[in-house]
Amino acid sequence: MKDKREIVIGLLGLGTVGSQVYHALTEKGDALSEKTGFTYRIKRILVRNPDKARQAKPPRELFVTQANEILEDPEIKLVIEVLGGLQPAAAHIEKALEHGKSVVTANKGVMATHGEKLLMLASKHNADLFFEASVAGAIPILRPLQESMATDRILQIVGIVNGTTNFILSQMTHEGKTYEEALKEAQKLGYAEPDPTFDVTGMDAAYKIAILASLAFGHYAKGEEVLHEGIQGISSLDILHAKELGYRIKLIAKAQCEKDGLSLLVAPTLIPPNHPLYNVEGPYNAILVRGERLGDIMFYGQGAGGVPTSTAIVSDVVHAAKNIVLGTSGKSIPKLDNPISLRSPESLLSRFYLRIQVEDRPGTLASIAQVFAEEEASFSAVLQRENTARLTDILFLTHTVREGSLQRALLRVRKLPSVKEISAIFRVES
Ligand code: NAP
Ligand code: HSE
């Protein structure tokens, strides 16, 4: 008789993450079986090119290049998707669920774009769709948000959720590396997405904060609804100025639910030394969750890379395996229909760092200050270095201001005759 506790798996993808998942379920499989009580057998692996040299070396006969050999195989009960990209990944997940297979994915793009529909499909077909690895690599955050913190009302989530950009900013801040050098290194170390544009433009972090917000606030938010800025505009000069002012620049993702709606934002932000995210460096991620009664809880760990990510996938595999054996798959689909409106960007409140290049002549600073005062924006610090050149930079830190007021002020400041350019605008976390 077949062992009911053997879980037959189809693996979609064998790249940076897939190779480590393969390793964890095969070479390390015995230890895992002993701990969990199930055995795991990878029956098929989908890749584009079976002849490619890769880290993991499964037997040649496991490779397939047609997804249907996995998706339509009745013996396969669990599919692990680590292909990346929106398509064909989303279509493969859909088909696997329609065939009643549970799915574990690391794909934040798919979950923050098609997640609502896929979760409903999973429920309809009594299958699980788990995605712990899609946010913050090794850090267990999605299950704690849904289970351990279920008794509290979550007010705010603020975090560093992209390892590649945090690594790049750390390298620029502490090692004096250029943006290009640091990005190349992040790619070599397996932190970056198959297309690293998603990391550096803030889109990857936007997908992740959308997933976190969906689970925390019970309202399905899409990645494309998140106002996001990337790190490409951060110069070494701004990193240096931030340092001199006592801050570090980090790519921060933030979701906040208030009476007037939900705000979702990803933006480079100056972090002060007393902030819990100040010392989060390299590929590490950290997520600070504020609950109404729990107060602040911080989750911290490796946010990118094959090994850390594979641990989150394997933890989902174990959960899915248990449900398959008990016949309880598809029973814990999150509720995502809470009607909350999204706040407009103009209504958001923040402090800002501004670097404005001006002609160094009498009245320049006064004229800028005048415009800001008229738009109800005030400064908490102003810094101009002694300098003999005709053009100079003035740095401003504002008090908390409505984004709409700041944008109106900047529109007018740009037109002042002595202002050459607004060279940098970043948020400042209090
Ligand atoms: P990767 O190294 O580029 O690997 C992708 C794998 O999928 C490769 O084996 C590739 O086949 C296969 N593949 C891609 N498109 C395919 C297609 N159309 N048909 C057949 N096979 C296809 O990517 P990765 O870094 O492992 O990332 C995979 C997923 O994990 C992504 O969703 C990513 O967002 C997520 N993730 C990654 C990390 C990380 O640190 N890298 C962390 C968390 C989550 P070939 O090998 O033949 O080219
Ligand atoms: N490229 C992603 C990052 C991988 O750097 O955070 C983890 O999701």
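Residues numbered from 1 in each chain as written. Chains lettered and ligands numbered in written order. Predicted model: local features only at pLDDT ≥ 70, side-chain atom pairs only at ≥ 80, totals over all residues. Heavy atoms only, no water.

## Some words on the overall build of the chain
Okay, so step 1: Looking only at helices and strands, the chain features 14 helices and 17 strands.
Okay, so step 2: Here the C-alpha atoms of the chain give a radius of gyration of 24 Å, agreeing with the 22 Å that 2.2 N^0.38 yields for 430 residues.
Okay, so step 3: Seen through its principal axes, the chain has C-alpha atoms that stretch 90 × 45 × 35 Å.
Okay, so step 4: Burial statistics for the chain: of 430 residues in total, 56% are counted as buried.
Okay, so step 5: For the chain, the share of sequence-separated contacts (at least 6 apart) that also reach a separation of at least 24 residues comes to 73%.
Okay, so step 6: Just so you have it, the chain exposes about 19200 Å², and 52% of that area is on carbon and sulfur atoms.
Okay, so step 7: Positive and negative charge centroids in the chain, built from 49 and 50 side chains respectively, lie 2 Å apart. (Helix = DSSP H or I, 4+ residues; strand = E, 2+ residues; numbered from the N terminus. Rg over C-alpha atoms; globule rule 2.2 N^0.38 Å. Buried < 20%, exposed > 50% of the residue type's maximum accessible area, 1.4 Å probe, protein only. Contact = heavy atoms within 4.5 Å. Areas by Shrake-Rupley, 256 points an atom, 1.4 Å probe, with all protein chains shown as cover. Lys, Arg positive; Asp, Glu negative; His and termini not counted. Charge placed at Lys NZ, Arg CZ, Asp CG, Glu CD.)

## Points about the pairing of strand β11 (residues 284-291)
Okay, so step 1: Of all eight residues making up β11, six are buried, and the element is well covered by its neighbours.
Okay, so step 2: The pairing of strand β7 (residues 154-160) with β11 spans six bridges and is antiparallel. Opposite Val158, over in β11, you have Leu288 as the bridge partner.
Okay, so step 3: One ladder, built from eight bridges, connects β11 with strand β12 (residues 295-302); its direction is antiparallel. Bridged to Leu288 within β12 is Met298.
Okay, so step 4: Counting the residues between successive antiparallel strands, the hairpin from β11 to β12 contains three residues. (Pairing = 2+ DSSP bridges.)

## Considerations on the nonpolar core
Okay, so step 1: Of all hydrophobic cores here, the largest spans 82 residues; its most connected members are Ile141, Leu145, Leu212 and Ile287.
Okay, so step 2: Looking at which element gives the most residues to this core, the answer is helix α10 (residues 203-217), with 12 residues.
Okay, so step 3: If sequence neighbours within four positions are ignored, Leu212 has contacts with Val135, Ile141, Leu142, Leu145, Ile157, Val161 and Ile287.
Okay, so step 4: Membership of the second largest hydrophobic core comes to 32 residues, among which are Ala56, Phe63, Leu78 and Val82. (Core = buried A, V, L, I, M, F, W, Y, C linked by side-chain atoms within 4.5 Å.)

## Side note on the site of ligand 1
Okay, so step 1: Contacts to ligand 1 come from 26 residues, most closely from Lys52, Arg54, Lys108, Glu193 and Gly305.
Okay, so step 2: Arg54 places a side-chain nitrogen or oxygen 2.7 Å from an oxygen atom of ligand 1.
Okay, so step 3: Expressed as a share of its isolated accessible area of 900 Å², the protein-covered part of ligand 1 is 89%. (Near = heavy atom within 4 Å. Polar contact = N/O pair within 3.5 Å; in protein donor to acceptor, adjacent residues only side chain to side chain.)

## A word on the site of ligand 2
Okay, so step 1: Around ligand 2 lies a shell of 13 residues, among which Lys108, Gly163, Thr164, Tyr191 and Glu193 are the nearest.
Okay, so step 2: Contact between ligand 2 and Gly163: an oxygen atom at 2.7 Å from a main-chain N or O atom of the residue.
Okay, so step 3: Its free accessible area being 250 Å², ligand 2 has 93% of it covered by the protein chains.
Okay, so step 4: The set of elements that each furnish at least two residues to the shell around ligand 2 consists of α7 (163-174) and α10.

## Considerations on the sheet that holds strand β1 (residues 6-12)
Okay, so step 1: Within the open sheet, the six strands sit side by side as β3-β2-β1-β4-β5-β6. Their pairing is parallel. Among the strands making up the open sheet, the edge pair consists of β3 (63-64) and β6 (129-130).
Okay, so step 2: The pairing of strand β4 (residues 78-81) with strand β5 (residues 102-105) spans four bridges and is classified as parallel. By the bridge assignment, Ile80 is partnered in β5 with Val104.
Okay, so step 3: Strand contacts of helix α4 (residues 89-98): β1, β2 (39-46), β4, β5 and β6, with the helix running at about 155° to β5, the strand carrying the most contacts. (Axes fitted to C-alpha atoms, helices over the stretch in contact; angles between N-to-C directions.)

## Brief notes about the side chain of Ser329
Okay, so step 1: Secondary-structure assignment places Ser329 in the loop between α12 (306-326) and β13 (349-359).
Okay, so step 2: The buried category is assigned to Ser329, whose relative accessible area is 7%.
Okay, so step 3: There is a polar contact of 3.5 Å between the side chain of Ser329 and the backbone oxygen of Asn323.
Okay, so step 4: Contacts of Ser329, omitting those with residues within four sequence positions, involve Ser102, Asn126, Ala127, Asp128, Asn323 and Ile324.

## What to know about helix α1 (residues 16-25)
Okay, so step 1: Of all 10 residues in α1, eight are buried, a share of seventy percent or more.
Okay, so step 2: Contact partners of the buried residues in α1: β1, α2 (29-36), β2, β4 and α12.

## Some points on the packing of helix α5 (residues 108-124) against α10
Okay, so step 1: Put simply, α5 and α10 touch, their axes get as near as 9 Å, and they point 55° apart. As the angle between them shows, α5 and α10 are arranged oblique. Crossing of α5 against α10: the hand is left-handed. Taken together, the residues of α10 that come into contact with α5 (itself represented by Lys108, Gly109, Met111, Ala112 and Thr113) are Asp204, Tyr207, Lys208, Ala210 and Ile211.
Okay, so step 2: Residue composition of the contact of α5 with α10, by class: five nonpolar, two polar and three charged. (Parallel < 35°, antiparallel > 145°, perpendicular 65-115°, else oblique. Left-handed = near helix turned anticlockwise from the far one by under 90°. Nonpolar A, V, L, I, M, F, W, Y, C, P; charged D, E, K, R; others polar.)

## Structural notes on the side chain of Thr113
Okay, so step 1: Locating Thr113 in the fold gives a position in helix α5.
Okay, so step 2: Filtering out sequence-adjacent residues up to four positions away, Thr113 remains in contact with Leu86, Tyr207, Tyr220 and Lys222.

## Looking at the pattern of salt bridges
Okay, so step 1: Tallied over the full model, the rule gives 31 salt bridges.
Okay, so step 2: Residues Arg290 and Asp296 are paired through a salt bridge, measuring 2.7 Å at the closest nitrogen-oxygen approach.
Okay, so step 3: Residue class for Asp296 comes out partly exposed when judged on its relative accessible area of 43%.
Okay, so step 4: Here Arg427 ties to Glu403 by a salt bridge, and the two come within 2.4 Å at their closest N and O atoms. With Arg427 in strand β17 (residues 419-428) and Glu403 in helix α14 (residues 403-414), this residue pair connects regions lying 24 residues apart in the sequence.
Okay, so step 5: Put simply, Glu6, Arg41, Lys43, Asp73 and Glu75 are held in one network by salt bridges that share partners. (Salt bridge = Lys/Arg side-chain N within 4 Å of Asp/Glu carboxyl O.)

Coordinates in, geometry out; function isn't part of it.
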